Amino acid sequence: MNISRRRFLGVAGAMITASAAGNPKHAFATRKPKAPPNPYGCVVDLTACVGCRTCEQACNRVNHLPPPKERLDDRTVLDQKRRPSTGAFTVINRYYSGRHDQQNQLVPTYVKVQCMHCQDPACASACITGALHKQENGAVTYDKSKCVGCRYCLVACPFQIPAYEYFDPLSPRVRKCTFCYDRISQDGRPGCAAACPMEAITFGNRKMLLEVTRRKIAANPMRYINKIYGEFEVGGTSWMYISKEPFEKLGFLTLPHYPMPHLTETIQHTIFSYMWAPITLFTILAGVMWKINPEQINHDPELHAQQPQHAQEEYV
Amino acid sequence: MSSHPHPKPAPLGIRFWTPGALVLFAVMLMGFCFIIARYLGGLAVVSNLDNQHPWGLWIGIDVATGVALAAGGFTTAAIAHIFGRHQYEAVTRPALLTATLGYTFVAIGLAIDVGRSWALPKPIMFWQGNSVLFEVAMCVVVYTHVLYIEFMPIVVERFRGRVNLPGPFAILNDRVERLLELADSILDKVMWVFIIAGVVLSCMHQSGLGSLMLIAPTKLHPLWYTPILPLLFLTSAIAAGYPMVVFETTVATASFKRADEMEVLAPLTGVTKYLLGIYIALKIGDMMVRGTYVYLFDGSIESRSFIVEMLAMIVPWFMLMSQRLRSKRHTLFVACTTIVLGIALNRCNVFLIGFNPPYAAKSYFPSISEMAITACLLCSITFLYRLAVTYLPVLSAPSLESLEKEPS
Ligand code: SF4
Ligand code: SF4
Ligand code: SF4
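The structure presented is a predicted model; accordingly, all values stated were derived computationally and were not measured.

Q: A description of the overall build of chain A should follow, citing residues and the corresponding values.
A: Of regular secondary structure, chain A possesses twelve helices and nine strands. In chain A, which comprises 316 residues, the proportion classed as buried is 54%. In chain A, once contacts between residues fewer than 6 apart in sequence are set aside, the share between residues at least 24 apart is 59%. About 14,900 Å² of surface is accessible on chain A, with carbon and sulfur atoms providing 57% of the total.

So this is what it looks like as structure tokens:
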């Protein structure tokens, strides 16, 4: 191995180290959680929901969407495991956990699905322009005037919530539950929470909600399992659930308790703080070039003349 | 190899419209119809993308693989211009051309893929430093311009001293000439900055592409999800650089009936065996550390795809280790092509095959029109490559005829 090749490998090593500087462990300590301090939240009591889908209807109304395409008295849609879509920001699905009641009938559980309004949302961290943004009051909002349509937010969301208007050729939007941002900013309640006839959706300050809900679970150990889904999942979410059945049996995902953007943001900020890594790499390479291949920098005509000059024919 | 000074690059000056070129053109036209359909009916009409699978073939092949395989541009620039190995200068121009075309078509592919093509420049206005995609996009934008600047001397060299504008524009001849003169002298002095900047930008976004999926730990299969994914993307892109140069140079010299340049290509891949070795070692080491070998033989599509991907790296690595196989044109070509395909499969694995959205009702497979558009972009690159080497001084391999006349 001759000298310049060895140098080449040495510098290759330097490049690798530079890019590897985003050591995740070291970084986990440095990235502060981003959650707003005092957001609103909602708790959905799955033991109270009867699957009437009034919330779906209310949601479409307050968001100026056409009414749900599945009729409200059609109970079969409950088993279709629908996902939120461009025409419905929230949907109700029915699950059977396998438990029977006194008449030996399977007991259904109805699960409302909408954006969880994560405390430290993956979608907002991923978004290339910041079109998705976590507001101080807890809502994760979307600004179509910034959106490029890259759909990285759909890739990033761990709950698979955002829906995309694939049928629009020129200006498709990302659609998802808005947490009724305008309503809750004016001391109102979200459309779905206000409409629910069973009062299954409790809206309020997230911290206070958590306290109240913990007390409620402690007071009714027969009615609830001891878990608030969303208290810790992906660093906490503004929408949370309580249930009698284990959440895994109701279509809920088992998710890590750290915020999804942890690793990526740490790598990004470790490498790009003050652009130290690119600048270092540039300096190293410039040094190498200056040492090994100075004619590239100096353009010394004599050095240049040594290069093979051959076949100078006209090519017109 | 310095006993015979390598001839200077020159335009090939061959007949452009051969049957092959016509086929390329036909595929381009066909794909173009699908592109029109996409702008009339939306992505839903031409693609199988849905809310569960927001990224498909275009991101996997046109963007991720395209960027990885354009790495030949910065790796050859590094070895010839920074590390001063002048014997490799013969391949820097074709590699630079591929990279320039490659990145141009990454941008075009992205414009087709994003929903609001007209909004593509918005990240320049709305900075979002937390987003990996933002970093990648910025680097790609800047690097594409750097590539154009690096390519400029080739154009200047072609037209300097023989500017001859048609008809009434002839009065401008003098000015254009002086402009080229000026460009040439400026470019000469500052080119080193762009060459190094190109390498730095490449390292940044090649690794950045690998960070993209790190935001979805619950969706990407554990065989690929690793915190060192950015490092793997960077090392594999660097390792793929020279094999890609071998691949395209061999195809080009064969189809244009030129000397095979083996005296440049064979030693070039001597470096590859170390670079590829580093990548393979990292990949296997990572699998051992994270214990993901438990998924290796579970018979799933992911495990099979992972095994194929690894074999497509390890087998050619052994081939490159053998001096004998490496110095033969055919075996070298086979080894390098395998590496190129392996890298493509790796990118598809990370972005498509290993991507498992938990609520997906069906799995994703690209539609015919998605494939047609990808084929259209690939053919356009080949077509423009042919156009460029025909009229610009890019390739320097002597033609076989001239070699027969005076054997060297
Ligand atoms: S659930 Fe998904 S879309 Fe909603 S805030 Fe969280 S990451 Fe964003
Ligand atoms: S699709 Fe729009 S909202 Fe989603 S990440 Fe891209 S730019 Fe942001
Ligand atoms: S909070 Fe508003 S947007 Fe979200 S599901 Fe309820 S009604 Fe719909």
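Q: I'd like a rundown of the nonpolar core, residues and numbers included.
A: Grouped together as the largest cluster of nonpolar side chains are 193 residues, with contacts concentrated most on Tyr 152, Phe 159 and Tyr 229 of chain A together with Ile 82, Met 213 and Phe 351 of chain B. With 13 residues, helix 9 (residues 229-255) of chain B is the largest single contributor of residues to this core. Not counting residues within four places of it along the chain, the set of residues in contact with Phe 351 of chain B comprises Trp 55, Ile 59, Gly 60, Ala 64, Leu 209, Leu 212, Met 213 and Phe 233 of chain B. Formed by eight residues, the second largest nonpolar core is a distinct cluster that contains Val 43, Leu 210, Ile 217 and Ile 242 of chain A.

Q: Talk me through the packing of helix 10 (residues 262-290) of chain B against helix 11 (residues 301-321) of chain B; I want residue IDs and the actual numbers.
A: The packing of two helices is summarised by the inter-axis angle and the distance between the axes. All names here are of chain B. Where helix 10 meets helix 11, the closest approach of the two axes is 9 Å, and the angle between their N-to-C directions is 145 degrees. As helix 10 packs across helix 11, the resulting crossing turns out to be left-handed. Along its contact with helix 10, which presents Thr 269, Thr 272, Lys 273, Leu 276, Gly 277, Tyr 279, Ile 280, Lys 283, Ile 284 and Met 287, the element helix 11 presents Phe 306, Glu 309, Met 310, Met 313, Ile 314, Trp 317, Leu 320 and Met 321. Among the residues making up the contact of helix 10 with helix 11, the classes are represented as twelve nonpolar, three polar and three charged.

Q: Can you tell me about the confidence of the model for chain B, naming the residues and giving the values?
A: Considering every residue of chain B, the mean pLDDT works out to 90; 97% of them sit at 70 or more. Note on the complex model: pTM 0.89, ipTM 0.91.

Q: Residues and numbers for the site of ligand 3, please.
A: Close to ligand 3 lie Cys 59, Asn 63, Thr 90, Lys 112, Cys 177, Thr 178, Phe 179, Cys 180, Pro 190, Gly 191, Cys 192 and Trp 239 of chain A. Looking at the shell around ligand 3 residue by residue, the class counts come to seven nonpolar, four polar and one charged.

Q: Please give an account of the packing of helix 11 of chain B against helix 13 (residues 329-353) of chain B that cites residues and values.
A: Residue and element names in this part refer to chain B. Between helix 11 and helix 13, the shortest axis-to-axis distance is 8 Å and the interhelical angle comes to 155 degrees. Compared by their axis directions, helix 11 and helix 13 come out roughly antiparallel. In terms of crossing hand, the pair formed by helix 11 and helix 13 is left-handed. Between helix 11, through Ile 301, Glu 302, Ser 305, Phe 306, Val 308, Glu 309, Ala 312, Met 313, Pro 316, Met 319 and Leu 320, and helix 13, the contact on the second element is made entirely by Thr 331, Leu 332, Val 334, Ala 335, Thr 338, Ile 339, Gly 342, Ile 343, Leu 345, Asn 346, Asn 349 and Ile 353.

Q: I'd like to hear about the pairing of strand 1 (residues 40-45) of chain A, residue by residue, with values.
A: All names here are of chain A. Of all six residues making up strand 1, five are buried, and the element is well covered by its neighbours. Note: strand 1 against strand 8 (residues 201-205), five bridges, orientation antiparallel. Each residue of the ladder has a partner; that of Tyr 40, found in strand 8, is Asn 205. Pairing between strand 1 and strand 9 (residues 239-242): four bridges, direction parallel. What sits directly across from Val 43, in strand 9, is Met 240.

Q: Could you give an account of the domain arrangement of chain B, naming the residues involved and the relevant values?
A: Residues and elements named next belong to chain B. What the domain assignment lists for chain B is domain 1 (19-48) and domain 2 (49-357 + 387-397). Relative placement of domain 1 and domain 2: their C-alpha centres are 24 Å apart. In this assembly, seven residues from domain 1 lie in contact with nine residues from domain 2. When domain 1 packs against domain 2, close to 610 Å² is buried across both sides, 57% of that on carbon and sulfur atoms.

Q: Could you give me a rundown of the site of ligand 1, with the residues and numbers involved?
A: Inspection of the region around ligand 1 gives 14 residues, with Cys 115, Met 116, Cys 118, Cys 123 and Cys 157 of chain A positioned closest. A breakdown of the residues in the shell around ligand 1 according to their chemical character gives twelve nonpolar, one polar and one charged.

Q: Please provide a residue-by-residue account of the packing of aromatic side chains, values included.
A: On inspection of all chains with the given rule, the structure shows 21 aromatic pairs over all chains. Ring centres of Tyr 152 of chain A and Trp 55 of chain B lie 5.3 Å apart, and the angle between their planes is 15 degrees; on these two criteria the pair is classed as stacked. Here Trp 55 of chain B lies in the loop between helix 2 (43-46) and helix 3 (57-69) and Tyr 152 of chain A lies in helix 5 (residues 152-156), a pairing that spans two chains. We note that Tyr 152 of chain A, like Trp 55 of chain B, is buried. On the basis of an interplanar angle of 85 degrees and a centroid distance of 5.6 Å, the ring pair of Trp 17 of chain B and Phe 25 of chain B is categorised as edge-to-face. Taken together, Tyr 40, Phe 179, Phe 203 and Trp 239 of chain A form an aromatic cluster joined through their ring pairs. One cation-aromatic arrangement involves Arg 38 of chain B over Tyr 39 of chain B; the distance from NZ or CZ to the ring centre is 4.2 Å. Its end group placed over the ring of Phe 233 of chain B, Arg 347 of chain B keeps NZ or CZ at 3.9 Å from the ring centre.

Q: Help me get a handle on the interface of chain A and chain B, residues and values and all.
A: Contacts between the two partners involve 88 residues from chain A, matched on the other side by 88 residues from chain B. Counting each side, the surface lost to burial between chain A and chain B is near 7,600 Å², with a carbon and sulfur contribution of 64%. In this assembly, chain A and chain B are joined by one salt bridge. The partner of Asp 113 of chain B in a salt bridge is Arg 151 of chain A, and the shortest N-O contact between them spans 3.0 Å. Where chain A meets chain B, there are 29 residue pairs in polar contact (both at pLDDT 80 or more). At the level of secondary structure, the elements contributing two or more residues to the side of chain A that touches chain B comprise helix 1 (3-20), helix 4 (122-126), helix 5, strand 6 (163-164), helix 9 (262-272), helix 10 (276-292) and helix 11 (295-298) of chain A. Examining the composition of the side of chain A that touches chain B, we find that ten residues originate from one element, helix 1 of chain A, more than from any other. Taken together, the residues of the side of chain A that touches chain B break down into 56 nonpolar, 20 polar and twelve charged.

Analysis parameters
Each residue is numbered by its place in its chain's sequence as written, counting from 1. Key to labels: chains lettered from A, ligands numbered from 1, both in the order written. Restriction of local features to residues with pLDDT of at least 70 applies here, the model being predicted, together with a cutoff of 80 or more for giving and counting side-chain atom pairs; totals for whole chains, interfaces and linings are based on all residues. Based on all heavy atoms of the structure, the side-chain values leave hydrogens and waters out of the count. Put simply, DSSP H or I for four residues or longer makes a helix, DSSP E for two residues or longer makes a strand, and each gets a number counted from the N terminus. Working definition: with a 1.4 Å probe on protein chains only, accessible area under 20% of the residue-type maximum means buried, over 50% means exposed, and in between means partly exposed. Whether two residues touch is decided by their heavy atoms; if any such pair falls within 4.5 Å, the residues are in contact. To be clear on the numbers: accessible area is Shrake-Rupley with a 1.4 Å probe, and residue cover counts the displayed protein chains and nothing else. In this text, buried Ala, Val, Leu, Ile, Met, Phe, Trp, Tyr and Cys residues form a nonpolar core when linked through side-chain atoms within 4.5 Å. Note on definitions: angles span 0 to 180 degrees between N-to-C directions of axes, and those axes are lines fitted to C-alpha atoms, for helices only across the stretch in contact. Left-handed describes a crossing in which the near helix is turned anticlockwise from the far one by less than a right angle; the clockwise case is right-handed. When residue character is reported, Ala, Val, Leu, Ile, Met, Phe, Trp, Tyr, Cys and Pro are called nonpolar, Asp, Glu, Lys and Arg charged, and the others, Gly included, polar. Scored from 0 to 100, pLDDT reflects the predictor's confidence in each residue. Residue proximity to a molecule or strand is established when one non-hydrogen atom of the residue lies within 4 Å of it. Convention used here: angles under 35 degrees read as roughly parallel, angles over 145 as roughly antiparallel, angles from 65 to 115 as roughly perpendicular, and any remaining angle as oblique. Here, any two strands with at least 2 DSSP bridges between them count as paired. As used throughout, domain bounds are those supplied by an automatic or database domain assignment. Buried area is understood as the total, over both parts, of accessible area removed when two parts are fitted together, assessed with a 1.4 Å probe. Each Phe, Tyr or Trp ring (for Trp, its six-membered ring) is paired with any other whose centre lies within 6.5 Å, and the angle between the two planes then decides the class: stacked below 30 degrees, edge-to-face above 60, tilted in between. Whether a charge sits over a ring comes down to the Lys NZ or Arg CZ being within 6 Å of the ring centre and within 35 degrees of the ring normal. Here a salt bridge means any side-chain nitrogen of Lys or Arg lying within 4 Å of a carboxyl oxygen belonging to Asp or Glu. We call two N or O atoms a polar contact when they sit within 3.5 Å, provided that within protein one can donate a hydrogen and the other can accept it, with sequence-adjacent residues counted only if both atoms are side-chain atoms.

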